[in-house]
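Close look at the chain arrangement
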Amino acid sequence: MSTPTAAAPRAVDTAATIARLREAHPRHWRMATALRVLAMDAVQAANSGHPGMPMGMADVATVLFTRHLRFDAAAPGWPDRDRFVLSAGHGSMLLYGLLHLTGHADMTLAELRRFRQLGSRTPGHPEYGHAAGVETTTGPLGQGLATAVGFAIAEESLRARFGAGLVDHRTWVIAGDGCLMEGISHEAIGLAGMQRLARLVVLWDDNDISIDGRIGLADRTDQRARFAAAGWEVLSCDGHDPEAIDRALAAARAADRPVLVACRTVIGFGAPGKEDTAAVHGSPLGAAAIAATRALYGWEDPPFAIPGDIGADWAAAGARGRAARLEWEDRLAAAPARRREEFRRRLAGRLPARLAGALAAFRREAAAKAPKVATRRSSEMVLEVVNRILPETVGGSADLTGSNNTRTPGLGVFAPADRTGRYIHYGVREHAMAAAMNGMALHGGLRPYGGTFLCFADYARGAMRLSALMGAPVVYVLTHDSIGLGEDGPTHQPVEHLAMLRATPGLVVLRPADTVETAEAWEIALARTAGPTAIILTRQTLPSLRDRPTRANRAARGAYVLAEAGSRRRAILLASGSEVEVAMAARALLEAAGIGTRVVSIPSWELFAAAPAAWRRKVLPPGPVRVAIEAGVGMGWERWLAGEGGRAARSAFVGMTGFGASAPAETLYAHFGITPAAVAAAVRRLLGEDAAEAPVP
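First, a word on scope: everything that follows refers to the structure included in this document. Because the structure is predicted, anything quoted here is derived from the model rather than measured. (Residues numbered from 1 in each chain as written. Predicted model: local features only at pLDDT ≥ 70, side-chain atom pairs only at ≥ 80, totals over all residues. Heavy atoms only, no water.)

**Brief notes about the packing of helix 3 (residues 52-68) against helix 4 (residues 92-102)**
What counts is decided by this rule: Orientation is described by lines fitted to C-alpha atoms, with helices fitted over the stretch in contact, and by angles between N-to-C directions that extend from 0 to 180 degrees. Secondary structure elements are taken from DSSP: a helix is a run of H or I of four residues or more, a strand is a run of E of two residues or more, and numbering for both begins at the N terminus. Reported orientations rely on four angle classes, namely roughly parallel under 35 degrees, roughly antiparallel over 145, roughly perpendicular from 65 to 115, and oblique for the rest. Crossings are sorted by hand: turned counterclockwise from the far helix by less than a right angle, the near helix makes the crossing left-handed, and turned clockwise it makes it right-handed. In what follows, residue pairs with any heavy atoms lying within 4.5 Å of each other are defined as contacts. Polar here means any residue other than Ala, Val, Leu, Ile, Met, Phe, Trp, Tyr, Cys and Pro, which are nonpolar, and Asp, Glu, Lys and Arg, which are charged; Gly is therefore polar.
Two numbers describe how helix 3 lies on helix 4: the axes approach to 10 Å, and their chain directions differ by 40°. As summarised for this structure, helix 3 and helix 4 are arranged oblique, according to the angle between their axes. Judged by the twist between their axes, the crossing of helix 3 over helix 4 is right-handed. Contact residues: Met53, Pro54, Met57, Ala58, Ala61 and Phe65 in helix 3; Leu94, Leu98 and Thr102 in helix 4. Its residues assigned to classes, the contact of helix 3 with helix 4 comprises eight nonpolar, one polar and no charged.

**Some thoughts on the pattern of salt bridges**
Heads up, the rule is: Salt bridges are identified by distance alone: a Lys or Arg side-chain nitrogen within 4 Å of an Asp or Glu carboxyl oxygen. Only protein chains enter the accessibility calculation, which uses a 1.4 Å probe. A residue is then buried if its area is under 20% of the maximum for its type, exposed if over 50%, and partly exposed in between.
Evaluated as defined, the whole model comprises 42 salt bridges. For Arg377, the salt bridge goes to Glu384, with nearest N and O atoms at 3.6 Å. A salt bridge links Arg639 to Glu644, with the nearest nitrogen and oxygen atoms 2.9 Å apart. Residue class for Arg639 comes out partly exposed when judged on its relative accessible area of 36%. You can call Glu644 partly exposed: its relative accessible area is 24%. Connected through salt bridges with shared partners, the residues Glu155, Glu156, Arg159, Asp168, Arg199 and Arg419 form a single ionic network.

**Thoughts on the packing of aromatic side chains**
Put simply, the rule reads: In summary, the pairing rule links any two rings of Phe, Tyr or Trp, Trp by its six-membered ring, whose centres are within 6.5 Å, and it sorts them by plane angle into stacked for under 30 degrees, edge-to-face for over 60 and tilted for everything else.
By the definition in use, this model includes 14 aromatic pairs. Arranged with centres 6.1 Å apart and planes meeting at 55°, the rings of Trp328 and Phe343 form a pair that is tilted. Pair noted here: Trp328 is in helix 13 (residues 322-334) and Phe343 is in helix 14 (residues 337-348), with a separation of 15 residues, a long-range link. The residues Trp328 and Phe343 share a single accessibility class, namely buried. Between Trp605 and Trp637 the ring centres are 4.9 Å apart and the planes differ by 80°, which places this aromatic pair in the edge-to-face class. Of this pair, Trp605 sits in helix 23 (residues 605-610) while Trp637 sits in the loop between strand 19 (625-633) and helix 25 (638-641), and the two are 32 residues apart along the sequence.

Structure (structure tokens):
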């Protein structure tokens, strides 16, 4: 079988373009060429990487960083800086070269030499937290573009709250053809266009090449028309003409809506025999090709060497925003004290002191009133408290507001006509919602949460994974969490999703059993300043199980004893969420039969695993048989059944082994054997007793 290859290169005269640039724009040419040679050298040294995109977009990036991007390399955390997102993250050496040349202190030449090496600040794709100036992790194509929508939303929201004197910046994105082909881009550009995010500019590296070859092998989309149809301003420029680029970027800054600038470029610009082909996309050029390219550029310096005058020009670009930054600091210092301190508090992610007291009071009231409600409704009740105290919360839903219960009174709707609104209607765009929330969280000043059905976490998975990888404090409100949703059937009933989420490093999953635990879950989620949280909630009503108020957040250590054995402990039942009710009913059956049974509520495996070993042993002592109950697949439960002092031969799981079905919830629980009687029978079998002798419920 033949492999698709690149079509014939376009008719491009790079030599003539280079001659024109060197004559008409010598300073720009040398600055852009510095980016190109650094990319070639680093990829060659690593024997791995993507030189083509940095070489093709060097002119665009040079104009952006020297004339338009507002930043100060000496203060990379300046809150009112422009954000730059390299959505085409495979071209990471473009970003690393820019950070090094503009004078970011932690992006040294030594780090460029360590490109793609263990422990370096220059991984293969940009990773948030590795170096100042890397605003978000990119690499999975389209994620950067969609995350940038969240950055732009955050800027609009905070400007409405604090004024343009403190918040007045833009978000710039470099995206490639692959970013625009990914489905998330369609969700993101639709959301941005509807919201008229005028501070968002996407610079499209329109080079007509992907890994397989010409874009026409796989796509014929008119991207300009697509963006225009979504409500964007669409501009075009020659990506190798600095004056044309400058005019396009200036026009983009004046637009009243988000802007796409189609920058026509040549991938691998200047590499003889390789430019404008897929060959230069994802492989080192090789020593001979690099030497030929250097000769064409007129670049005589050795690898990684930057002439002093070019270095000075780039350093000046890095300091260009210093005056604006100092003026901003003066404005912040002169702002009214309450406004200034609130601004600082929100950017630091500090919670108001009164939140803890308000949530404690809510838990006491819930324990006293014992409401019988679905935990999605419990979550809404908690949010009514939280949203009154935390002005930084921004909620939303992927077209399931009434089902997710994520909107509380007084939030208002974030829209082009009202940027003070704190609720976003994302539409049926789970993936873009998750990515946008990443952008809001990384921007700072906002605490985003968004809802969808647990089953549809599949649609948001790519961005949820990046939440965890980056440590972004996003809260995912995932409702309709099991066969308990009933008649909508197996297409909507999640069975494998808890296992999938729990398998994600850095993601804390909380599945509360009642209103009190739901309040504890929200308190845990909001206290996390690094890392996402998924709160898993029911459609069906649940009884109140925590009828005794406690000062401590019992869910904070992941698991705790909800009900102790009434006699010698012979069994431990473990459950989360809606199945804690089943465990409690099974305990009653077993206790009636003289079998002392402890019930352990385990809302969070991650927090329980992180708790001290002494606590885990106290909750799960060795000896008694163990049965876990959950309306999902059993994957992962072996840690708590056969590990932590347990034994496989003395443990069992009661839950799902396949997909669900369409029927009322109570019918499904009986059909799939997730009942108190089934749990009691499992305990009796493990104890070697005749299950037939158990009392009939």
